[in-house]
2 protein chains.
Amino acid sequence: MTFTIQNALIPVDQGYSTTDVYIVDDRIQTIAPDLDPIGTLIDGRNKLLLPGFVNAHTHSSEMWQRGIIPPTPLELWLTELYDFSPLDPEQAYLSALGTAVETLLTGGTSVVDHLVLIPGRELETIAAAVRAYRQVGIRAFVAPLIQDEALSRGIPTGGSESEHETYLRSTEATLALIQEAVTQFHRPDEGVNILVAPTGTQLCSDALFEGCIELSDRYNLCRHAHLLETRAQQILAQEKYGCSAVEHLKQIGYLSSRTSLAHCVWLDDADIEIMAATQSTVVHNPLSNLRLGSGIAPILKYRQAGVNVAIGCDGSASNDSQDLLEAIKVGSILHNVTDLDYHHWITPREAIAMAALGGAKGLNLADDMGSLTVGKKADLVLYDLMSLSLLPRTDPIGLLVLGRPVNAVAHAWVNGNLIVKDGEMCNVNVNELKQNLFDRSEWSTKRQAPSVAQTEAKYRSVMGLPGITQGYS
Amino acid sequence: MTFTIQNALIPVDQGYSTTDVYIVDDRIQTIAPDLDPIGTLIDGRNKLLLPGFVNAHTHSSEMWQRGIIPPTPLELWLTELYDFSPLDPEQAYLSALGTAVETLLTGGTSVVDHLVLIPGRELETIAAAVRAYRQVGIRAFVAPLIQDEALSRGIPTGGSESEHETYLRSTEATLALIQEAVTQFHRPDEGVNILVAPTGTQLCSDALFEGCIELSDRYNLCRHAHLLETRAQQILAQEKYGCSAVEHLKQIGYLSSRTSLAHCVWLDDADIEIMAATQSTVVHNPLSNLRLGSGIAPILKYRQAGVNVAIGCDGSASNDSQDLLEAIKVGSILHNVTDLDYHHWITPREAIAMAALGGAKGLNLADDMGSLTVGKKADLVLYDLMSLSLLPRTDPIGLLVLGRPVNAVAHAWVNGNLIVKDGEMCNVNVNELKQNLFDRSEWSTKRQAPSVAQTEAKYRSVMGLPGITQGYS
């Protein structure tokens, strides 16, 4: 691809500048006004050019359950989620497509999919998601979600002993699976990356983490996990390790400059110091943290401590969308109520830097992505400033972040390839996708998740909540 | 108007039902399946029919400044806002149009516009907004924003004496203005209502409140105001009255079942009891409360105390949008982090009830609006469940509230009149509106608000913040 974007607005130190941009092959070659046009011409007038954002944590298959799980805390929500997880790789393909489309149409050019695997069809699930992401053209970071302990272990014991089922797959088999996924699918040069991604300390043995570290080192893979999303997980880590989960992850060597950790709601000051010292990345998922009542992650503290922060939508069943601009908005304004001193509040420009460069750093790609810089990858988004939601003309980035942009993405490129044109997906028939989603679903309100009742009694007891006099929904 | 909506999904106790609806003139006449069609036929297949929501607090002219004011607390933000307020009634017309369009396209069929008046051109400003709302066809509650004290009085003194300018208009002249507005514009039967709406205790004398009560009683007008939006306002009320603002408003008789109060962030338990006892309505504006760092309003406590709660977008410069579905989403999930017991959390159905019936109650119109009930006004919205953002099919209201619906409103009616058809405004040329907004604005980043520097030093001192070492932006 060779093309010239003409007369686009870009942010510069003192405000905005109107400029031209040469893209040659997969990279930004020149940024300067009044260039002689080369290749295809793109009209950038009344449009804002920004680096593509990273949707730095999601679970694509949750799209099938968005809107349906009642407002409940993570531990009960998970039980409900797992009782109805999709079991068909074709569904995994469709929800990955949907996740990619919504991410792209809200400014994201990369997606980290902490992919829930269909039991017994794990590699097929990964293949389905990879197929979708390759088709769309989004830069994909597929992080197969693994664990080696039963879901019921995710709730603190409160000191009492419980019986737990053995997890369906052994630690060794799980590590072998990831190794096979790397062999089959890890193609960074083609925009498809595999990450090691134990779900988190609450459901993973040290052996699983250590095996992932070994794979990460051997194949140069990024590392991902959930970390201290809920108060229950904080309690559980103390029960399990006698120290914080962060301290434990440091001790076993999981934290690094290529490790990104989703949520990080319940870290204390000592934990934050460890995150900074190890150059680990926090992936902030503000909407799911509210939706599940997990808490407000101490993002202003992370920023003050020098911890890198990225932004994610989280899975569609806990958000319940993949609108990255919404996550960026709420992920910045939410923290204004946590610190009286507005000098610490996140500005719109800082918010997009978290979503772009912060996301790139968390994937160890800060040299290649995340800013409008000559030599970096052409992962770019051109926003239509004539969208009603971005009018009248004020501060375009201010309105993009603090407003509620609708139909705002005009064009998007990944690796120099045009994948959104005039607001339409280039490589996906969205009407067909909608029909497929429609045909494979039905309107409903209440499902009866068989496992929730048992889990709920235990959860309420351990968390010090009054006994149940009614169902949760 | 006589028409039949056929085969629409509506919420019923046990889930959803597919039904037909007769609308005759301005009212819902029948709700039942398989009706013989009368009048115009509306295809409701794969669509969800809900009562229109109320955007229960906004300031339309702030649209001109959306995106541009940096993240700062209300008291500084206001100073910046007022330094650049629109001074042209044509601008007031255009921003009222824009506010109505965004509200309608996100489910709102009524708007409460706490309208900032152009000094010296007050009635022209009201006329411009009324003209816009009549043109669009939205049900309008125009609440001219009045005060009789200078803006600088809105910051607590901290015990020190300050000089304040005299406000530009006397109390008497202000009350005469509202009386004239009622005479000229208050036409409830035509969908245009005038409210009495002192901005709040922080900038209004008792004489102004008492004059408004008298007008409200004489003309049967609803009452509106801001109430305890910020910590500074709480401190100020104590300085001014020696009691809480709520206690004071009760004493002077402003609170009633037709009084709606925007924000209500800093109320204590005694205040909440007063709100319940007086049947006053809280208008929750979650996004501006976050954006301005005002705090999280204790909405779960209000609900438990039986206080009616409605939802507003607040003005576009503190949100910075008029997406009512976004306000409903954030206004429900935000509170999950304030109460560990998820039995108290707001469900999606409760959220839309706040936005519909809660809004109607706050306007003393619960008998006429706010639910799908035979005999009520046909203020209705039909959502397109084939929008990608509302797929796959799960719980339609769950996804409407918890998701991020885009292009979701198919049709909307107010008073039985079709004003949105197939996602397009019937009575507004939106392209022309966009061009007008474009032509009257320019891209910029920093403006120099002359008043902010003085205000800031005082604000930081009174609020106990460290001295200024740098500007706020």
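This text gives an overview of the structure that appears in the document. Everything numeric in this text was worked out from a predicted model, so none of it was measured.

On to the overall build of chain A. Looking only at helices and strands, one finds 15 helices and 17 strands in chain A. In terms of overall dimensions, chain A is globule-like: its C-alpha atoms have a radius of gyration of 22 Å, near the 23 Å expected for 473 residues. Along the three orthogonal principal directions, the C-alpha set of chain A runs to about 75 × 50 × 45 Å. Taken across its 473 residues, chain A has 65% of its residues classed as buried. Of all intrachain contacts in chain A linking residues separated by at least 6 positions in sequence, the fraction that spans at least 24 positions is 75%. Carbon and sulfur atoms make up 47% of the accessible area of chain A, which totals about 15,800 Å².

Structural alignment of chain B on chain A gives an RMSD of 0.0 Å, achieved by rotating through 180 degrees and translating 0.0 Å along the axis. Taken together, these values place the two copies in the relation of a two-fold axis. Across chain B, the smallest distance between a C-alpha and the rotation axis is recorded for V406(B), namely 3.4 Å. Both copies share a contact surface, since 100% of the interface residues of chain B are interface residues in chain A too.

Residue and element names in this part refer to chain A. The alternating pattern of strand β12 (residues 281–284) places T281 and V283 and V282 and H284 on opposite faces, both of which are buried. Looking at chain direction, strand β11 (residues 259–263) and β12 are connected through three bridges and run parallel. Opposite S260, over in β12, you have T281 as the bridge partner. For the segment spanning β11, helix α8 (residues 269–277) and β12, crossover handedness is right-handed. Across four bridges, the pairing between β12 and strand β13 (residues 308–311) is parallel. Its bridge partner being in β13, T281 is matched across the sheet by N308.

In this section: the environment of L255(B). All names here are of chain B. By the secondary structure assignment, L255 is in the loop between α7 (245–252) and β11 (259–263). By relative accessible area, which is 10% here, L255 ends up buried. Each C-alpha atom, one on L255 and one on V24, is 36 Å from the other, the two residues being 231 residues apart in sequence. Excluding residues that lie within four positions of it along the chain, L255 makes contacts with R223, V246, L249, K250, L261, I274, T278 and S280.

Before going further, it helps to examine empty space enclosed by the protein. Residue and element names in this part refer to chain A. Under the definition given, this model contains five cavities of 30 Å³ or more. One number sums up the size of the largest cavity: a volume of about 210 Å³. If you trace the largest cavity, you find 20 residues lining it, with H59, L74, L78, T199 and H226 closest to the centre. Its residues assigned to classes, the lining of the largest cavity shows 10 nonpolar, seven polar and three charged.

Across the boundary between the two partners, chain B contributes 86 residues, which contact 86 residues of chain A. Regarding the contact of chain B and chain A, the summed buried area is about 7,000 Å², with carbon and sulfur atoms giving 66% of it. When residues of chain B are sorted by the area they lose upon contact with chain A, Y342(B), R393(B) and W443(B) head the list and together hold 13% of the total. On the surface where chain B and chain A come into contact, there are six salt bridges. The shortest N-O distance in the salt bridge between E326(A) and K329(B) comes to 3.1 Å.

This paragraph deals with the packing of helix α7 (residues 245–252) of chain A against α8(A). Residues and elements named next belong to chain A. Packing of α7 against α8 leaves a shortest axis separation of 9 Å and a crossing angle of 35 degrees. As for the relative orientation of α7 and α8, their crossing is left-handed in sense. Contacts between α7 and α8 pair V246, E247 and K250 from the former with D271, I274 and M275 from the latter. Along the lines of polarity and charge, the residues of the contact of α7 with α8 split into three nonpolar, no polar and three charged.

Here we take up the layout of surface pockets. All names here are of chain B. In this model, the second largest pocket occupies a volume close to 1,200 Å³. In terms of lining residues, the second largest pocket is bounded by 49 residues, among which Y82, Q147, A150, L151 and S152 are the most central. Of all the secondary structure elements, the ones that give two or more residues to the lining of the second largest pocket are α1 (74–83), α3 (122–136) and α15 (452–462). At eight residues, α1 tops the list of elements feeding residues into the lining of the second largest pocket. For the lining of the second largest pocket, the residue count by class is 19 nonpolar, 20 polar and 10 charged.

Scanning the model with the defined rule gives 10 aromatic pairs over all chains in all. Relative to Y342(B), the ring of Y459(A) lies with its centre 6.2 Å away and its plane at 55 degrees, an arrangement referred to as tilted. Pair noted here: Y459(A) is in helix α15 (residues 452–462) and Y342(B) is in the loop between α11 (324–333) and α12 (348–362), and the two residues belong to different chains. Of the two residues examined, Y459(A) and Y342(B), each falls in the buried class. Taken together, the ring pairs connect Y342(A), W345(A) and Y459(B) into an aromatic cluster. The ring of Y93(A) carries the charged tip of R131(A) above its face, separated from the ring centre by 3.8 Å. A cation over an aromatic ring shows up here: R393(B) above the ring of F438(A), its NZ or CZ 3.7 Å from the ring centre.

Time to look at the pattern of salt bridges. It is possible for side chains of opposite charge to pair when their charged atoms get near one another. Tallied over the full model, the rule gives 44 salt bridges over all chains. Salt-bridge contacts for R27(A) lead to D26(A); the nearest nitrogen and oxygen are separated by 3.9 Å. R460(A) is paired through a salt bridge with D341(B); the nearest N and O atoms lie 2.8 Å apart. Of this pair, R460(A) sits in helix α15 while D341(B) sits in the loop between α11 and α12, placing the two residues on different chains. By sharing partners, the salt bridges in this structure join D26(A), R27(A), D368(A) and K377(A) into a single network.

The next thing to look at is helix α2 (residues 89–104) of chain B. All names here are of chain B. Taking 1.5 Å as the rise per residue, α2 with 16 residues should run 22 Å; its terminal C-alpha atoms sit 22 Å apart, in good agreement. The buried fraction of α2 amounts to 15 of the 16 residues, a majority that puts the element mostly inside the structure. Between the side-chain oxygen of the N-cap and the backbone nitrogen of E90 there are 2.8 Å, and the N-cap of α2 in question is D88.

All right, on to unusual backbone geometry then. Cis geometry marks the peptide bond from L391(A) to P392(A), where omega comes out at -5 degrees. As for its position among the elements, P392(A) is in the loop between β14 (380–384) and α13 (396–402). The omega torsion across N319(B) and D320(B) is 0 degrees, close enough to zero to call that bond cis. Note that D320(B) resides in the loop between β13 (308–311) and α11. Phi angles above zero are rare outside glycine, and L228(A) is one such case at about 45 degrees. With respect to the element layout, L228(A) can be found in the loop between β10 (223–227) and α6 (231–241). Its relative accessible area of 3% is what places L228(A) among the buried residues.

Let's shift gears to the sheet that holds strand β7 (residues 108–115) of chain A. Residues and elements named next belong to chain A. Spatial strand order, β6-β7-β8-β9: four strands in an open sheet with parallel pairing. Two strands close off the open sheet at either side, each with one partner strand: β6 (53–58) and β9 (192–194). The sheet shows a mean angle of 15 degrees between the axes of neighbouring strands, taken without regard to direction. With four bridges connecting them, β6 and β7 associate as parallel partners. The residue of β7 that forms the bridge with V54 is S110. Here helix α3 (residues 122–136) sits on the sheet in contact with β7, β8 (139–144) and β9, set at roughly 175 degrees to β7. With respect to the sheet, helix α11 (residues 324–333) is in contact with β6 and β7, its orientation differing from that of β6 by roughly 85 degrees.

Let us look at the nonpolar core. In this structure, F53(A), L227(A), Y383(A), F53(B), L227(B) and Y383(B) are the most contacted members of the largest nonpolar core, which totals 238 residues. Setting aside residues no more than four positions away along its own chain, Y383(B) makes contact with N46(B), K47(B), L48(B), L50(B), F53(B), G107(B), L325(B), L400(B), A408(B), V409(B) and A410(B).

Attention now moves to the packing of helix α4 (residues 171–185) of chain A against helix α5 (residues 206–219) of chain A. Residue and element names in this part refer to chain A. In contact at an axis separation of 10 Å, α4 and α5 are set at 20 degrees when each is read in the N-to-C sense. Relative to α5, the element α4 is oriented roughly parallel. Read as a crossing pair, α4 and α5 show a hand that is right-handed. Along its contact with α4, which presents T171, T174, L175, I178, Q179 and V182, the element α5 presents A207, L208, G211, C212, L215, R218 and Y219.

Scoring rules and cut-offs
- Residues numbered from 1 in each chain as written.
- Chains lettered and ligands numbered in written order.
- Predicted model: local features only at pLDDT ≥ 70, side-chain atom pairs only at ≥ 80, totals over all residues.
- Heavy atoms only, no water.
- Helix = DSSP H or I, 4+ residues; strand = E, 2+ residues; numbered from the N terminus.
- Rg over C-alpha atoms; globule rule 2.2 N^0.38 Å.
- Buried < 20%, exposed > 50% of the residue type's maximum accessible area, 1.4 Å probe, protein only.
- Contact = heavy atoms within 4.5 Å.
- Areas by Shrake-Rupley, 256 points an atom, 1.4 Å probe, with all protein chains shown as cover.
- Least-squares fit on C-alpha atoms with pLDDT ≥ 70 in both.
- Pairing = 2+ DSSP bridges.
- Right-handed = clockwise from strand over helix to strand, strands pointing away.
- 1 Å grid on protein atoms, 1.4 Å probe; cavity = no way out; pocket = protein on both sides within 12 Å on 5 of 7 lines; lining within 4 Å.
- Points joined across faces, edges and corners; volume = space filled by probe spheres on them.
- Nonpolar A, V, L, I, M, F, W, Y, C, P; charged D, E, K, R; others polar.
- Buried area = accessible area lost by both parts, 1.4 Å probe.
- Salt bridge = Lys/Arg side-chain N within 4 Å of Asp/Glu carboxyl O.
- Axes fitted to C-alpha atoms, helices over the stretch in contact; angles between N-to-C directions.
- Left-handed = near helix turned anticlockwise from the far one by under 90°.
- Phe/Tyr/Trp six-rings, centres within 6.5 Å; stacked < 30°, edge-to-face > 60°.
- Lys NZ or Arg CZ within 6 Å of the ring centre and 35° of its normal.
- Expected span 1.5 Å × (residues − 1).
- Polar contact = N/O pair within 3.5 Å; in protein donor to acceptor, adjacent residues only side chain to side chain.
- Core = buried A, V, L, I, M, F, W, Y, C linked by side-chain atoms within 4.5 Å.
- Parallel < 35°, antiparallel > 145°, perpendicular 65-115°, else oblique.

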